[in-house]
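As a plain string of letters, each chain reads:
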Amino acid sequence: LSKAMKIANATIKKLESAKNKLVKQQDIIYKQANYDHLTSLANRSLLHQRLEVLIQNSTENSKKFAILFLDLDRFKEINDSLGHDVGDELLVHVAKLLLLATRKTDTVARIGGDEFIILLDDVKSKKTITPIAQKILNALDQLLKIKEYDLHVTTSIGISIYPDHGDDFNALLK
C-alpha cells in the first residue's frame, strides 16, 4: 500500500506539472493570437472581438461608442531613413502614449504598420470624443527621443460613431 501511495503521489505531481505547462502554453498561444508582438496592444483579431461585444451591448442598451483610427504621418520616411529598429521603438513609444491618453475602459489596438485604433466605450455625444482626441493629439505632439534621434511625430485621426456611421466592423473602420 505504501509503495502504491508513493507511485500515486509521483503520478499526481507529474500530472500537475503537465497541467501547469499546458496552461502556460495556452497563455502564450492566446497572447500570440490576440496581441501585437511589438507593442503588446490588442491586435486586429482581439479588436474585432471587442468591437462585436460593444455592438451587441450598445444595441441592447441604446448606447453609442466611437472608433478613433490613427495613422502616424510620414512614418514610412522614418523607417526608410533611420531604419526599422528606430521605427519599431517609435511605435512602442506611441503605444505607451496612447495608453496613457485614454481611459482604462477604452481599447487601444495596433492593426498594422503605423495604424492604431481606439475604441471609446459609452460615448454620450460627439462632445465627449473631442477632449479625448485632443488629449491624444497633445500626447503625440512632443519631441520624442528615440535612440539618438529627436523625432516630432504627427498623426491623423478619423472618427466614427456607432450606430451613426455604421453598424458593423468594416463599416465603422471605413
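Residues numbered from 1 in each chain as written. Predicted model: local features only at pLDDT ≥ 70, side-chain atom pairs only at ≥ 80, totals over all residues. Heavy atoms only, no water.

Participant: Is there a simple way to think about the nonpolar core in this case?
Facilitator: Buried together is how nonpolar side chains tend to be arranged in soluble globular proteins. Ranked by internal contacts, the top residues of the largest apolar core, which has 31 residues, are Leu68, Leu90, Leu98, Phe116 and Ile136. At the level of elements, β1 (64–72), α3 (75–82), α4 (84–101), β3 (115–123), α5 (126–140) and β4 (143–146) are the ones that each hand at least two residues to this core. It is α4 that provides the largest number of residues to this core, a total of 8 residues. With residues up to four places along the chain from it excluded, the contact list for phenylalanine 116 reads Leu41, Leu68, Phe69, Leu70, Leu72, Leu91, Val94, Ala95, Leu98, Ala109 and Arg110. The next biggest cluster of nonpolar side chains, apart from the first, holds 16 residues, and it includes Leu51, Ile55, Ala109 and Tyr162. (Core = buried A, V, L, I, M, F, W, Y, C linked by side-chain atoms within 4.5 Å. Buried < 20%, exposed > 50% of the residue type's maximum accessible area, 1.4 Å probe, protein only. Helix = DSSP H or I, 4+ residues; strand = E, 2+ residues; numbered from the N terminus. Contact = heavy atoms within 4.5 Å.)

Participant: So what exactly am I meant to see when it comes to the packing of α3 against α4 here?
Facilitator: Helix packing geometry: the angle between the two helix axes and the distance between the axes. Contact geometry of α3 with α4 gives a least axis separation of 6 Å together with a crossing angle of 140 degrees. One way to sum up the angle between α3 and α4 is to call them oblique. Taken together, the residues of α4 that come into contact with α3 (itself represented by Phe75, Ile78, Asn79 and Leu82) are His84, Asp85, Val86, Gly87, Leu90 and Leu91. Looking at the contact of α3 with α4, its residues break down into 6 nonpolar, 3 polar and 1 charged. (Axes fitted to C-alpha atoms, helices over the stretch in contact; angles between N-to-C directions. Parallel < 35°, antiparallel > 145°, perpendicular 65-115°, else oblique. Nonpolar A, V, L, I, M, F, W, Y, C, P; charged D, E, K, R; others polar.)

Participant: Looking at this structure, how should I read the pattern of salt bridges?
Facilitator: Any two side chains of opposite charge can pair, so long as their charged atoms come close to each other. Under the counting rule described, the total for this entry stands at 8 salt bridges. In this structure, the salt-bridge partner of aspartate 106 is arginine 103, at a minimum N-O distance of 2.8 Å. A salt bridge links aspartate 150 to lysine 145; the shortest N-O distance between them is 3.7 Å. On the basis of relative accessibility, which here comes to 49%, the residue aspartate 150 falls in the partly exposed class. For lysine 145, a relative accessible area of 53% gives the class exposed. Counted as one network, the salt bridges with shared partners bring together Asp85, Glu89 and Lys147. (Salt bridge = Lys/Arg side-chain N within 4 Å of Asp/Glu carboxyl O.)

Participant: Got a minute to help me understand unusual backbone geometry in this structure?
Facilitator: Residues apart from glycine generally show negative phi values, whereas peptide bonds are mostly found in trans. Here the bond from tyrosine 162 into proline 163 is cis, since omega is 0 degrees, no more than 30 degrees from zero. Within the secondary structure, proline 163 is located in the loop between β6 (155–162) and α6 (169–173). Positive phi, normally seen in glycine, also occurs at serine 62, with a value near 50 degrees. Within the secondary structure layout, serine 62 lies in the loop between α2 (44–61) and β1.

Participant: What is the right way to look at the environment of alanine 109 in this model?
Facilitator: As for its placement among the helices and strands, alanine 109 is situated in strand β2 (residues 107–112). Contact partners of alanine 109, with chain neighbours within four places excluded, come to Leu41, Ala42, Asn43, Leu47, Glu115, Phe116 and Ile117.

Participant: When you look at the side chain of serine 160 in this model, what are you seeing that I'm missing?
Facilitator: In this fold, serine 160 is placed in strand β6. Reaching out from serine 160, the side chain makes a polar contact with the backbone oxygen of leucine 172 at a distance of 2.8 Å. Non-local contacts of serine 160, meaning those with residues more than four positions away in its chain, are made with Phe65, Ala66, Ile67, His165 and Leu172. (Polar contact = N/O pair within 3.5 Å; in protein donor to acceptor, adjacent residues only side chain to side chain.)

Participant: Can you walk me through the sheet that holds β6 in this structure?
Facilitator: Think of a sheet as strands paired side by side through backbone hydrogen bonds, with each pair either parallel or antiparallel. Taking strand neighbours across the sheet as the criterion, the 4 strands line up as β2-β3-β1-β6 in an open arrangement whose pairing is antiparallel. Bordering the open sheet on either side are β2 and β6, each of which pairs with just one other strand. Strand-to-strand twist in this sheet, taken as the mean axis angle between neighbours without regard to direction, amounts to 20 degrees. Relative to β3, β1 runs antiparallel, the two sharing 7 bridges. (Pairing = 2+ DSSP bridges.)

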